[in-house]
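# Examining the three-dimensional arrangement
Below, each chain spelled out in residue letters.
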Amino acid sequence: MRRIAVVPGSFDPVTLGHLDVIERAANLFDELHVLVVHNPDKGALLPIGQRVSLLERSISDAGLGGHIRVASWSVGLLVDYCTDVGATVLVKGIRSQVDVAYETPMAIVNRNLAHVETVFLLPDPAHAHVSSSLVRQVAALGGDVTPYVPPAVGEYLQPHTSVDLVPAAD
Ligand code: PNS
């Protein structure tokens, strides 16, 4: 039986912590979908298409396997995407107890909705302090984000000034 998993997130932008979790998940499953999900609770910086292309470049630059696909999802339940592609597992990275508290209710609801189990993976502790929101803030104020993001994201963000980094429409 082919094990298909989905790594969902806002990825606004993808960080080294995300990439670490993607690599660990790719080693565990036959097929991995990295899914950019529109999260209406968060103000977006990058348009979804840009997040997808930065993820694709970052995954390719890191030499990660050909069984990883990047897609986006903005309408309907996350588990609907899982059902569409035959995925039975969601993968989430856990940095701290705060992440556990945030993720646990969603994991239970997703299991109740569609029998999709959530697997929590621990990223390298070196990335425990890294988050997309921190990267967005540092970038918007003109700081160096390259220690926290894949090179493709660093290249994309560095030439932009705080004036360029206005919230995206989607
Ligand atoms: O990177 P983020 O912003 O922490 O990712 C959160 C995300 C997008 C994974 C989360 O908001 C989510 O799962 N959204 C899907 C909406 C959904 O299906 N909700 C109902 C069941 S929890």
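So, here's what we can say about the structure. Predicted model only: the values in this text are computed from it and were never measured.

### Thoughts on the packing of aromatic side chains
Taken as a whole and assessed by the stated rule, the structure comprises 1 aromatic pair. With a centroid separation of 5.5 Å and 65° between ring planes, the pair formed by W73 and Y81 is classed as edge-to-face. Accessibility expressed as a relative area gives 18% for W73, which makes it buried. With relative accessibility at 8%, the residue Y81 sits in the buried group.

### Considerations on the sheet that holds strand β5 (residues 117-121)
In spatial order, the strands read β3-β2-β1-β4-β5; together these 5 strands make up an open sheet with parallel pairing. A single partner strand is all that each edge strand has here, and the edge strands are β3 (68-73) and β5. Averaged over all pairs of adjacent strands, the angle between strand axes in this sheet comes to 30°, irrespective of strand direction. Against the sheet, helix α2 (residues 48-61) contacts β2 (31-37) and β3, and its axis sits at roughly 170° relative to β3.

### A short note on unusual backbone geometry
Going from D12 to P13, the amide bond is cis rather than trans, its omega being 5°. Relative to the elements of secondary structure, P13 occurs in the loop between β1 (4-9) and α1 (16-26). Phi at H115 takes a positive value of approximately 55°, unusual for a residue other than glycine. Within the secondary structure, H115 is located in the loop between α4 (97-114) and β5.

### Some thoughts on the pairing of β3
Examined bridge by bridge, β2 and β3 share 6 bridges and lie parallel to one another. Each residue of the ladder has a partner; that of L32, found in β3, is I68. Note that the unit made of β2, α2 and β3 has a crossover that is right-handed.

### Quick look at the pattern of salt bridges
The tally for this structure, following the rule as stated, stands at 9 salt bridges. Across the salt bridge formed by D20 and R24, the nearest N and O atoms sit 2.8 Å from each other. One end of the pair, D20, and the other, R24, are both in helix α1, 4 residues apart, so they sit about a helical turn from each other. As a salt-bridge pair, E155 and R57 come within 3.2 Å of each other at their nearest N and O atoms. Highlighted residues: E155 in helix α6 (residues 151-157) and R57 in helix α2, separated in sequence by 98 residues. Beyond isolated ion pairs, a larger network of salt bridges with shared partners links R2, E31 and R69.

### So, the site of the ligand
Taken together, G9, S10, V37, N39, K42, L77, L78, K92, Y102, M106, V109 and N110 make up the full set of residues near the ligand. Contact distances for the ligand include 2.5 Å between an oxygen atom and a side-chain N or O atom of S10. Contacts to the ligand include L78, whose backbone N or O atom sits 2.9 Å from an oxygen atom. Isolated, the ligand exposes 560 Å² of accessible area, and the fraction of that covered by the protein chains is 78%. When residues of the shell around the ligand are assigned to their parent elements, the largest contribution, 4 residues, is made by α4. Grouping the amino acids of the shell around the ligand by side-chain chemistry returns 6 nonpolar, 4 polar and 2 charged.

Conventions used here
- Residues numbered from 1 in each chain as written.
- Predicted model: local features only at pLDDT ≥ 70, side-chain atom pairs only at ≥ 80, totals over all residues.
- Heavy atoms only, no water.
- Phe/Tyr/Trp six-rings, centres within 6.5 Å; stacked < 30°, edge-to-face > 60°.
- Buried < 20%, exposed > 50% of the residue type's maximum accessible area, 1.4 Å probe, protein only.
- Pairing = 2+ DSSP bridges.
- Helix = DSSP H or I, 4+ residues; strand = E, 2+ residues; numbered from the N terminus.
- Axes fitted to C-alpha atoms, helices over the stretch in contact; angles between N-to-C directions.
- Contact = heavy atoms within 4.5 Å.
- Right-handed = clockwise from strand over helix to strand, strands pointing away.
- Salt bridge = Lys/Arg side-chain N within 4 Å of Asp/Glu carboxyl O.
- Near = heavy atom within 4 Å.
- Polar contact = N/O pair within 3.5 Å; in protein donor to acceptor, adjacent residues only side chain to side chain.
- Areas by Shrake-Rupley, 256 points an atom, 1.4 Å probe, with all protein chains shown as cover.
- Nonpolar A, V, L, I, M, F, W, Y, C, P; charged D, E, K, R; others polar.

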